[in-house]
Amino acid sequence: MNVEYRRTASPAPENKLAELDTQLPGVLPEDYRAYLLQQDGGRLTSNNEAVREIFGVGDVPDYASIWAKIETYEGRVPAWLLPVAGDAFGNLFCLSLRDTDHGSVWFWDHEGEPEDDDDAPTEDNLTFKAKTWQEFLDSLRPFQLED
């Protein structure tokens, strides 16, 4: 990854990853699991995708907790997506858990979600970002203003 962390976290506890596995509609992608076992999320410096926080599964603040994000965005984000990171504007970066594109990374724009709380989430506000979690991390670059 080409971007530095402002705040790092210890490796994710195995029991928390096992707990997450039981709550998902699909299998956790291996490269994301490996990432969490090395570092349980963290806050990034300014970057080209505006990723602010990568969510963790262990003992992290609520704003950085994948558990809090799953609860907050249930029924708002398509069920096949797992929120794994966020920006400062309320948008999410999510991993696909469906078979057709398992492990791919998608940007979820909160501005495009249905106005009516009773409406099911759509895919109209999604943008494909990368085929894998590692490819997404490798694509991050420090943010620089144009001259």
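Residues take numbers from 1 onward in each chain, read along the sequence in its written order. Two thresholds apply to this predicted model, a pLDDT of at least 70 for residue-level local features and 80 or more for giving and counting side-chain atom pairs, whereas whole-chain, interface and lining totals are computed over all residues. The side-chain values count all of the structure's non-hydrogen atoms but skip hydrogen atoms and water molecules.

1. Some points on the packing of helix H1 (residues 14-23) against helix H2 (residues 30-38)
Helix-helix packing is characterised by the crossing angle of the two axes and by the distance between the axes. Only C-alpha atoms enter the line fits that serve as axes; for helices the fit covers just the stretch in contact. Angles between N-to-C directions range over 0 to 180 degrees. Segments assigned H or I by DSSP are reported as helices when at least four residues long, segments assigned E as strands when at least two residues long, and all are numbered from the N terminus. Packing of H1 against H2 brings their axes to within 10 Å, and their N-to-C directions diverge by 150°. With respect to their mutual orientation, H1 and H2 come out roughly antiparallel. Pair H1 / H2 crosses with right-handed handedness. Where H1 abuts H2, its residues Glu 14, Leu 17 and Asp 21 lie against Arg 33, Leu 36 and Leu 37. Gly is put with the polar residues, along with every residue not named as nonpolar or charged; the nonpolar set is Ala, Val, Leu, Ile, Met, Phe, Trp, Tyr, Cys and Pro, and the charged set is Asp, Glu, Lys and Arg. Split into classes, the residues belonging to the contact of H1 with H2 amount to 3 nonpolar, no polar and 3 charged. Throughout, the term roughly parallel applies to angles under 35 degrees, roughly antiparallel to angles over 145, roughly perpendicular to angles from 65 to 115, and oblique to all others. In a left-handed crossing the near helix is turned counterclockwise from the far helix by less than a right angle, and in a right-handed crossing that turn is clockwise. We call two residues in contact when some of their heavy atoms are within 4.5 Å.

2. Some details on the packing of aromatic side chains
Between 30 and 60 degrees the pair is tilted, below 30 it is stacked and above 60 it is edge-to-face, where a pair is any two Phe, Tyr or Trp rings, Trp via its six-membered ring, whose centres lie within 6.5 Å. In total, this model carries 8 aromatic pairs according to the counting rule given. Note on Phe 93 and Phe 136: the rings are 5.3 Å apart at their centroids and 35° apart in plane angle, and the pair reads as tilted. With a gap of 43 residues between them, Phe 93 in strand E5 (residues 92-96) and Phe 136 in helix H4 (residues 133-139) connect regions that are remote in the sequence. On the basis of an interplanar angle of 75° and a centroid distance of 5.4 Å, the ring pair of Trp 106 and Phe 128 is categorised as edge-to-face.

So yeah, pure geometry; function would need other evidence.
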